[in-house]
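Residue strings, one per chain:
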Amino acid sequence: HARGLIELRRKIAQKLNQFNKLSYDPETELCVTVGSSGAFACSVLATLNPSDEVILVEPFYGYHLTTLIMAGITPKYARMDLATMTLDRSSFERAITRRTRAVVICTPSNPGGIVYSADDLKWLAALAVKHDLLVFSDEIYEYITYDGLKHVSAAGIADLRDRTMLVGGYSKTFSITGWRIGYLAAPADIMDKAAVASDLLYICAPHPLQRGVLKGLDAPAEYYENMRREYE
């Protein structure tokens, strides 16, 4: 199936419900993708047009920038305050123009290390509503947080769920970067287009490796905490 094994989509939906406190329909709102980078690429193609502007938060992940450029999108830049590890809110306001269509965030951030707080995400939600922006939220490092910080998913914030393309995957969690198994969670109307883009770009994520991740998701809850603690 172009959207991925339904068994895996159901298991990911279960994970999103239990860990992220989010509800996604595995039939209509989830797509297994060729890594999280593939999820980002197909969601960009589903929602943006050449000459649109999208805000990246410096320091940013290079694949986000180059994927936007390849799609003809004009990047603009906001910043995080490295002293407080929070969003530099004034930099967002300066970056927005009438052509701004979306914001890309990565939480926990590669390479900045910031774990977006609920307060920052609520502020971002108000900004998105004010300017009618979409949010691309790369959350592949969701299990790997330190210093007592906890991951908060952007789509769990009021007013962001229907604006957010949640990008995730298992390269980091299971140390299988070469397997290229990621996923996109998004509203059904966006997913209809993103799934077509994924199909046209890659046809589908590698089937045997989807089976492997499906089995891996049976890992007990302590696996994730043991991994996090070992990294810390």
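Below is a short write-up of the structure. Bear in mind that the values here come from a model prediction, so they are computed numbers and not experimental data. (Residues numbered from 1 in each chain as written. Predicted model: local features only at pLDDT ≥ 70, side-chain atom pairs only at ≥ 80, totals over all residues. Heavy atoms only, no water.)

### Quick notes on the overall build of the protein
Here is step 1 of the chain: A count of helical and extended segments in the protein gives eight helices and eight strands.
Here is step 2 of the chain: In terms of overall size, the protein behaves like a compact globule, its C-alpha atoms giving a radius of gyration of 17 Å where 232 residues would be expected to give roughly 17 Å.
Here is step 3 of the chain: By principal-axis analysis of the C-alpha atoms, the protein measures approximately 45 × 40 × 30 Å.
Here is step 4 of the chain: Expressed as a percentage of the 232 residues in the protein, the buried residues total 53%.
Here is step 5 of the chain: Look at the contacts in the protein between residues 6 or more apart in sequence, and 71% of them connect residues 24 or more apart.
Here is step 6 of the chain: For the protein, the computed accessible surface area is about 10,500 Å², with 53% contributed by carbon and sulfur atoms.
Here is step 7 of the chain: Averaging the locations of the 25 positively and 27 negatively charged side chains of the protein gives two centres separated by 2 Å. (Helix = DSSP H or I, 4+ residues; strand = E, 2+ residues; numbered from the N terminus. Rg over C-alpha atoms; globule rule 2.2 N^0.38 Å. Buried < 20%, exposed > 50% of the residue type's maximum accessible area, 1.4 Å probe, protein only. Contact = heavy atoms within 4.5 Å. Areas by Shrake-Rupley, 256 points an atom, 1.4 Å probe, with all protein chains shown as cover. Lys, Arg positive; Asp, Glu negative; His and termini not counted. Charge placed at Lys NZ, Arg CZ, Asp CG, Glu CD.)

### As for empty space enclosed by the protein
Here is step 1 of the chain: One pass over the structure, following the stated rule, counts one cavity of 30 Å³ or more.
Here is step 2 of the chain: Counted as a void, the largest cavity has a volume near 80 Å³.
Here is step 3 of the chain: Ranked by residues supplied to the lining of the largest cavity, first place goes to strand E5 (residues 100–106) with three residues.
Here is step 4 of the chain: Residues belonging to the lining of the largest cavity are distributed by class as follows: 10 nonpolar, three polar and no charged. (1 Å grid on protein atoms, 1.4 Å probe; cavity = no way out; pocket = protein on both sides within 12 Å on 5 of 7 lines; lining within 4 Å. Points joined across faces, edges and corners; volume = space filled by probe spheres on them. Nonpolar A, V, L, I, M, F, W, Y, C, P; charged D, E, K, R; others polar.)

### So, the sheet that holds strand E4 (residues 86–88)
Here is step 1 of the chain: Pairing in this open sheet of eight strands is mixed, and the strands run E1-E8-E7-E6-E5-E2-E3-E4 from one edge to the other. Every interior strand has two partners, whereas the edge strands, strand E1 (30–34) and E4, have only one. Between one strand and the next, the sheet's axes are offset by a mean angle of 25°, whatever the strand orientation.
Here is step 2 of the chain: Alignment of strand E2 (residues 53–58) against strand E3 (residues 74–81), held across six bridges, turns out to be parallel. When the bridges of E3 are listed, Leu56 appears paired with Tyr77.
Here is step 3 of the chain: Strand contacts of helix H2 (residues 35–47): E1, E5, strand E6 (134–138), strand E7 (164–169) and strand E8 (181–185), with the helix running at about 120° to E1, the strand carrying the most contacts.
Here is step 4 of the chain: The sheet contacts of helix H6 (residues 188–202) involve E1, E7 and E8, and relative to E1 the element is tilted by about 25°. (Pairing = 2+ DSSP bridges. Axes fitted to C-alpha atoms, helices over the stretch in contact; angles between N-to-C directions.)

### Description of the side chain of Glu139
Here is step 1 of the chain: The topology assignment puts Glu139 in the loop between E6 and E7.
Here is step 2 of the chain: Salt bridges are absent for the buried Glu139, whose nearest opposite-charge side chain, Lys15, sits at 6.8 Å. (Salt bridge = Lys/Arg side-chain N within 4 Å of Asp/Glu carboxyl O.)

### Some details on the pairing of E1
Here is step 1 of the chain: Counting buried positions along E1 gives five out of five residues, so the element sits mostly inside the fold.
Here is step 2 of the chain: The pairing of E1 with E8 spans five bridges and is antiparallel. Within E8, the position partnered with Val34 by the bridge is Ile181.

### Considering the pattern of salt bridges
Here is step 1 of the chain: Applying the stated criterion to the full structure yields 13 salt bridges.
Here is step 2 of the chain: Put simply, Lys15 and Glu142 hold a salt bridge, and the shortest N to O gap is 2.7 Å. Here Glu142 lies in the loop between E6 and E7 and Lys15 lies in helix H1 (residues 6–19), a separation of 127 residues in the sequence.
Here is step 3 of the chain: For Glu142, a relative accessible area of 5% corresponds to the buried category.
Here is step 4 of the chain: Between Asp132 and Arg163 there is a salt bridge whose closest N-O contact spans 3.0 Å. Separated by 31 residues along the polypeptide, Asp132 in the loop between helix H5 (118–131) and E6 and Arg163 in the loop between E6 and E7 bring together distant segments of the chain.
Here is step 5 of the chain: Connected through shared salt-bridge partners, Glu225, Arg228, Arg229 and Glu232 make up one network.

### What to know about the packing of H2 against helix H3 (residues 62–70)
Here is step 1 of the chain: Interaxial distance between H2 and H3 falls to 10 Å at its minimum, and their mutual angle equals 30°. Of the possible angle classes, the one that applies to H2 and H3 is roughly parallel. Like other packed secondary-structure pairs, H2 and H3 cross with a definite hand, here right-handed. Mapping the contact onto sequence places Ser37, Phe40, Ala41 and Val44 in H2 and Tyr63, His64, Thr67 and Leu68 in H3. (Parallel < 35°, antiparallel > 145°, perpendicular 65-115°, else oblique. Left-handed = near helix turned anticlockwise from the far one by under 90°.)

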